[in-house]
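Each chain is listed here by its residues.
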Amino acid sequence: MIKVLSLFDGISIGKVALDRLGLKVNKDYTYYSSEIDKNAIKCSEANHANEITRLGDVTKLSYKDGVLTSENGIFVVGSIDLFIGGSPCQSFSSLGLQTGLEGTSKLFYEYLRLLDEIKLDNPDVKFLLENVRMKTESKIELDKYLG
């Protein structure tokens with residue numbers, strides 16, 4: 001069974017993609033979500049009912065030795081196999097402020113922190129960071145951190 005952790009989960013599009021691949025929650029994968037936007041959570045819950053374990057605020061989330069610790073509880077999950085997310089992009093967007101890793105886009109560091117924590121347990125974790133069209137300088141900066 002694949003264990004999925006999605007940060008900045010929004011309306012859970014990552015889960016939609018897995019479903020469209022024909023995978024089923026709790027048979028093929030389990031899905032853990034970190035999201036704080038009330039409207040996004042409401043939409044996600046309407047579409048996915050009890051299929052997602054909600055962890056709350058990413059800044060209060062940690063992973064060590066197969067355990068996710070969050071503001072919503074402690075979850076023994078084992079190894080995370082797929083780590084996805086799209087940190088806020090207002091500071092990167094070509095239509096936004098273009099200030100790089102400042103403002104709300106600094107939450108990218110939370111994605112990076114958790115990726116590093118997960119890699120200690122599973123160096124082969126697959127990860128995807130979704131983002132927007134941005135200035136070349138910002139892309140280079142993100143690439144530097146992610147390798």
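Cut-offs applied
- Residues numbered from 1 in each chain as written.
- Predicted model: local features only at pLDDT ≥ 70, side-chain atom pairs only at ≥ 80, totals over all residues.
- Heavy atoms only, no water.
- Phe/Tyr/Trp six-rings, centres within 6.5 Å; stacked < 30°, edge-to-face > 60°.
- Buried < 20%, exposed > 50% of the residue type's maximum accessible area, 1.4 Å probe, protein only.
- Core = buried A, V, L, I, M, F, W, Y, C linked by side-chain atoms within 4.5 Å.
- Helix = DSSP H or I, 4+ residues; strand = E, 2+ residues; numbered from the N terminus.
- Contact = heavy atoms within 4.5 Å.
- Pairing = 2+ DSSP bridges.
- Axes fitted to C-alpha atoms, helices over the stretch in contact; angles between N-to-C directions.

## Examining the packing of aromatic side chains
A complete count under the given rule lists five aromatic pairs for this structure. Centre to centre, the rings of F108 and Y109 are 6.0 Å apart; their planes meet at 55°, and the pair counts as tilted. Taking the relative accessible area as the measure of exposure, F108 reaches 0% and is therefore buried. Between Y109 and Y145 the ring centres are 5.8 Å apart and the planes differ by 85°, which places this aromatic pair in the edge-to-face class.

## A few points about the nonpolar core
Of all hydrophobic cores here, the largest spans 25 residues; its most connected members are L5, L7, L68, I80, F83 and Y111. Elements with a contribution of two residues or more to this core: strand 1 (2-7), helix 3 (108-121) and helix 4 (136-146). Considering each element in turn, this core owes the most residues, six residues, to helix 3. The residues contacting L5, other than those within four sequence positions of it, are Y32, L55, L61, L68, I80, L82, F83, I84 and I118.

## With respect to the sheet that holds strand 6 (residues 73-76)
Ordered in space as 4-5-6, the three strands form an open sheet in which the pairing is antiparallel. Looking at strand neighbours, the two that pair on one side only are strand 4 (62-64) and strand 6, the edges of this open sheet. For this sheet the average axis-to-axis angle between neighbouring strands, irrespective of direction, equals 15°. Across four bridges, the pairing between strand 5 (residues 67-70) and strand 6 is antiparallel. Each bridged residue has a counterpart across the sheet, and for L68 the counterpart in strand 6 is F75.

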